[in-house]
Amino acid sequence: MKWVLDTHTHTYVSGHAYSTLMENIQYAKKQGLEILGVTDHGPKMPGGPNIFYFGNLKVIPREVEGITILKGCEANIIDFNGNLDIPLIIQENRLDIIIASLHDVCITPGTLEENTNALLGAMDNKFVDIIGHPGNPSFPIDEELVVRKAKEMDKIIEINNSSFRSRPGCEENCLNIARLCKKYNVRVIMGSDSHFCTEIGVLDKAYSLLQKVDMPDELIMNTHKYKIIEYLKGKGKLKDI
């Protein structure tokens, strides 16, 4: 299967990634992608950018090198109520796409109930679009509650390609989450979580997992650019497209 977008990528601005935005764009073009999400870590991440970085994303053209750019953020969930490290005014007025994720350097992992509540709370935020790498074994969750909430709030669940390398033990969690997404008809998106440009669009491990559960094509957001565009426009975003 051919995929046309990667919504989870980092530049050196994230503090622990190693490519520039133009290097990422050029590699996305080489990979044949049509949409690239620029989703650097929020400021709570050690070494992450100042909030002004996200406020100024408007200077990036909508299209560069033939690639449609989604100007976003991988926001850090900073408490068990699901609050993010990005001010609401920037969430609403500056960002095309928001991934909300739990990272153990930004919040100490809690109990299963606390971790679950953090994701449920994040999904109550109308500006959050994607729940990032929910299969992370460092943050055990009630997977069924999370997926059912994603269905209720029309959120997308990410299957994170880099997790299979960087988050040992995530495979079983991700597989169960994918099965639940299929059961409840919840949209999924594969993200490279690239921290170097040659990882852009590399989604093979995530796709292999989706194949194991026979995920219907209509639930996989990466296969046509209009899937994510129509989703975001339905939320009042991308008014210039």
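See above for the structure.
Undergrad: Please explain the overall build of the chain as it appears in this structure.
TA: Along its length, the chain carries 9 helices and 8 strands. Scaling as 2.2 N^0.38, a compact globule of 241 residues should have a C-alpha radius of gyration of about 18 Å, and the chain matches this with 16 Å. Evaluated residue by residue, the chain yields a buried proportion of 57% over its 241 residues. If you take every contact in the chain between residues at least 6 apart in sequence, the share linking residues at least 24 apart comes to 79%. Within the chain, one finds 27 positive and 32 negative side-chain charges whose respective centroids are separated by 5 Å.

Undergrad: Sorry if this is basic, but what is going on with the packing of aromatic side chains here?
TA: Working definition: an aromatic ring pair is given by the centre-to-centre distance plus the angle between the planes. Across all of its chains, the model carries 2 aromatic pairs by this definition. Seen in terms of ring centroids, Tyr53 and Phe54 are 5.0 Å apart; in terms of plane orientation they differ by 85°. Their pairing is edge-to-face. Take Tyr53: its relative accessible area is 23%, and that puts it in the partly exposed class. Overall, Phe54 belongs to the buried group, its relative accessible area being 0%.

Undergrad: Honestly, the nonpolar core in this entry has me stumped. Any pointers?
TA: Leu210 and Met215 are the most contacted members of the largest nonpolar core, which has 62 residues in total. Counting residues per element, this core draws most heavily on helix 7 (residues 171–184), which supplies 6 residues.

Undergrad: How do you make sense of the packing of helix 5 (residues 143–153) against helix 7 when you look at a structure like this?
TA: Helix-helix packing: each pair is described by the crossing angle between the helix axes and the interaxial distance. Running from amino to carboxyl end, helix 5 crosses helix 7 at an angle of 40°, the nearest separation of the two axes being 9 Å. One way to sum up the angle between helix 5 and helix 7 is to call them oblique. Crossing handedness for the pair helix 5 and helix 7: right-handed. Where helix 5 approaches helix 7, its residues Glu143, Glu144, Val147, Arg148 and Lys151 are matched on the opposing element by Asn173, Asn176, Ile177, Leu180, Cys181, Lys183 and Tyr184. Residue classes in the contact of helix 5 with helix 7 are distributed as 5 nonpolar, 2 polar and 5 charged.

Undergrad: Would you take a moment to explain the environment of Asn56 for this structure?
TA: Tracing the backbone through its elements, the reader meets Asn56 in the loop between helix 2 (51–55) and strand 3 (63–64). Separated by 34 residues in the primary sequence, Asn56 and Ile90 place their C-alpha atoms 9.6 Å from one another.

Undergrad: Quick question: what am I supposed to make of unusual backbone geometry here?
TA: Its identity is not glycine, yet Asp214 carries a phi of approximately 55°, on the positive side. If you trace the backbone, Asp214 turns up in the loop between helix 8 (204–212) and helix 9 (225–234). A residue is classified by how much of its surface remains accessible, and Asp214, at 57% relative accessible area, is exposed. A positive phi angle, close to 55°, is found at Leu238, a residue other than glycine. Tracing the chain through its elements places Leu238 in the segment after helix 9. Exposure remark for Leu238: the relative accessible area of 3% places this residue in the buried category.

Rules of the game
- Residues numbered from 1 in each chain as written.
- Predicted model: local features only at pLDDT ≥ 70, side-chain atom pairs only at ≥ 80, totals over all residues.
- Heavy atoms only, no water.
- Helix = DSSP H or I, 4+ residues; strand = E, 2+ residues; numbered from the N terminus.
- Rg over C-alpha atoms; globule rule 2.2 N^0.38 Å.
- Buried < 20%, exposed > 50% of the residue type's maximum accessible area, 1.4 Å probe, protein only.
- Contact = heavy atoms within 4.5 Å.
- Lys, Arg positive; Asp, Glu negative; His and termini not counted.
- Charge placed at Lys NZ, Arg CZ, Asp CG, Glu CD.
- Phe/Tyr/Trp six-rings, centres within 6.5 Å; stacked < 30°, edge-to-face > 60°.
- Core = buried A, V, L, I, M, F, W, Y, C linked by side-chain atoms within 4.5 Å.
- Axes fitted to C-alpha atoms, helices over the stretch in contact; angles between N-to-C directions.
- Parallel < 35°, antiparallel > 145°, perpendicular 65-115°, else oblique.
- Left-handed = near helix turned anticlockwise from the far one by under 90°.
- Nonpolar A, V, L, I, M, F, W, Y, C, P; charged D, E, K, R; others polar.

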